[in-house]
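Examination of the molecular architecture
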Amino acid sequence: MIKIIRITTAILFGLVCVTANADEEAIRKALSQAIPASKVETISPSVIKGLYEAVVGANIYYVSEDGKYLIQGRLVDIAARKDLTEEKLNGTHKLAIEHMGKENMIIFKAKIPKYTVTIFTDIDCGYCRKLHSELDQYLAQGITIQYLFFPRAGKGSESYNKAVSVWCSDDRNAALTAAKKEKTAPPAKTCDNPVDKHMKLAEDFDVKGTPMIVTETGKILPGYLPANQLVEALESEKNPL
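These figures come from a predicted structure and were not determined experimentally.

Strand order across the open sheet formed by 5 strands is β8-β10-β9-β11-β12, with mixed pairing between neighbours. Lying at the two open borders of the sheet, with one neighbouring strand each, are β8 (106-108) and β12 (220-222). Pairwise comparison of adjacent strand axes, ignoring direction, gives a mean angle of 25° for this sheet. Relative to strand β10 (residues 143-149), β8 is paired through 3 bridges, and the arrangement is antiparallel. Bridge pairing in β10 links F108 to I145.

Further remarks concern the state of the cysteines. Applying the stated criterion across every chain yields a total of 1 disulfide. Across the disulfide from C168 sits C191; the S-S distance is 2.0 Å. Residues C168 and C191 are joined by a disulfide whose S-S torsion is about -95°; by sign, that bridge is left-handed. Taken together, the positions of C168 in the loop between α6 (158-167) and α7 (172-181) and C191 in the loop between α7 and α8 (195-204) put the pair 23 residues apart, joining distant regions of the chain. The class of C168 is buried, set by a relative accessible area of 14%.

Further remarks concern unusual backbone geometry. T210 connects to P211 through a cis peptide bond whose omega is -5°. Mapped onto the elements, P211 comes out in the loop between α8 and β11 (212-214). One non-glycine residue, R81, lies in positive phi territory at about 55°. Among the secondary structure elements, R81 is positioned in the loop between β6 (76-77) and β7 (82-83). For R81, a relative accessible area of 78% gives the class exposed.

A word on the environment of D124. By the element assignment, D124 lies in the loop between β9 (115-121) and α4 (126-133). For D124, a relative accessible area of 29% gives the class partly exposed. Each C-alpha atom, one on D124 and one on K180, is 7.0 Å from the other, the two residues being 56 residues apart in sequence. Once residues within four sequence positions are removed from consideration, D124 is found in contact with R129, R152, S159 and K162. Within polar-contact distance, the side chain of D124 engages the side chain of S159 at 2.5 Å. A distance of 2.6 Å separates a polar atom in the side chain of D124 from a polar atom in the side chain of K162.

Let's shift gears to the nonpolar core. The nonpolar side chains of a soluble globular protein tend to be buried with one another. In this structure, I143, I145 and L230 are the most contacted members of the largest nonpolar core, which totals 31 residues. Only β8, β9, α5 (135-140), β10, α6, α7, α8 and α9 (227-238) provide two or more residues apiece to this core. For L230, the residues in contact, after removing those within four places along its chain, are V117, Y138, I143, I213, L221 and L225. Of all hydrophobic cores here, the second largest spans 15 residues; its members include I97, M100, L148 and M212.

On inspection of all chains with the given rule, the structure shows 3 aromatic pairs. Centre to centre, the rings of F108 and Y147 are 5.9 Å apart; their planes meet at 85°, and the pair counts as edge-to-face. With a gap of 39 residues between them, F108 in strand β8 and Y147 in strand β10 connect regions that are remote in the sequence. Here the two residues F108 and Y147 agree in accessibility, since each one is buried. Between R172 and the ring centre of W167, over which it is positioned, the NZ or CZ distance is 3.8 Å. It is K180 that lies over the ring of Y147; its NZ or CZ is 5.6 Å from the centre.

About the criteria used
- Residues numbered from 1 in each chain as written.
- Predicted model: local features only at pLDDT ≥ 70, side-chain atom pairs only at ≥ 80, totals over all residues.
- Heavy atoms only, no water.
- Pairing = 2+ DSSP bridges.
- Helix = DSSP H or I, 4+ residues; strand = E, 2+ residues; numbered from the N terminus.
- Axes fitted to C-alpha atoms, helices over the stretch in contact; angles between N-to-C directions.
- Disulfide = S-S within 2.5 Å.
- Buried < 20%, exposed > 50% of the residue type's maximum accessible area, 1.4 Å probe, protein only.
- Contact = heavy atoms within 4.5 Å.
- Polar contact = N/O pair within 3.5 Å; in protein donor to acceptor, adjacent residues only side chain to side chain.
- Core = buried A, V, L, I, M, F, W, Y, C linked by side-chain atoms within 4.5 Å.
- Phe/Tyr/Trp six-rings, centres within 6.5 Å; stacked < 30°, edge-to-face > 60°.
- Lys NZ or Arg CZ within 6 Å of the ring centre and 35° of its normal.

Right, here's the structure in full:
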């Protein structure tokens, strides 16, 4: 069941006052005051009259036209049995990953690529290690894997420092594989690195655990999936019933 919860910015984020019949600029201002740490990307009318759709980072909110009420949840077309919010969210996820750039990822390329997935990973996560230990199976199925770091223990933790050390290694792919196999930390190294950017993106994606797989369309597949099941999911996405 998709649950839609209506909340006010006054309750969730602190009091925000705007005049009645506010236009899109007033709604943008209200959201900027309510969620100051996040960037409001776009505001546009939703399919429901009087309700605006606001893209904030990689999230979507719905806001009343007077800027007074904010709704968090899924907008569903009942007749079409379609989750309209999920479609839009997938698009924001896809763009966010593209903006991150391949130069800020650790990529294991399939020899004959058929699919590409982006995976938020934690070096010390058991299921992340299991997934990586089966890397050859994914690559053999034509799945290219793009890794982003999400050390769940947070910045400055041992897992975070391992991620930085891996990124700063001469051979990042080999260093990541070794770090996921070994219980000891890789040689400590520091350099300019995108780990904080990875973590910020994970926060925008509301990542709760690892591994978290994101498909080329931006769809999220939470948790570990063996190669054959991941292929099935990717194929069904390409060829929906």
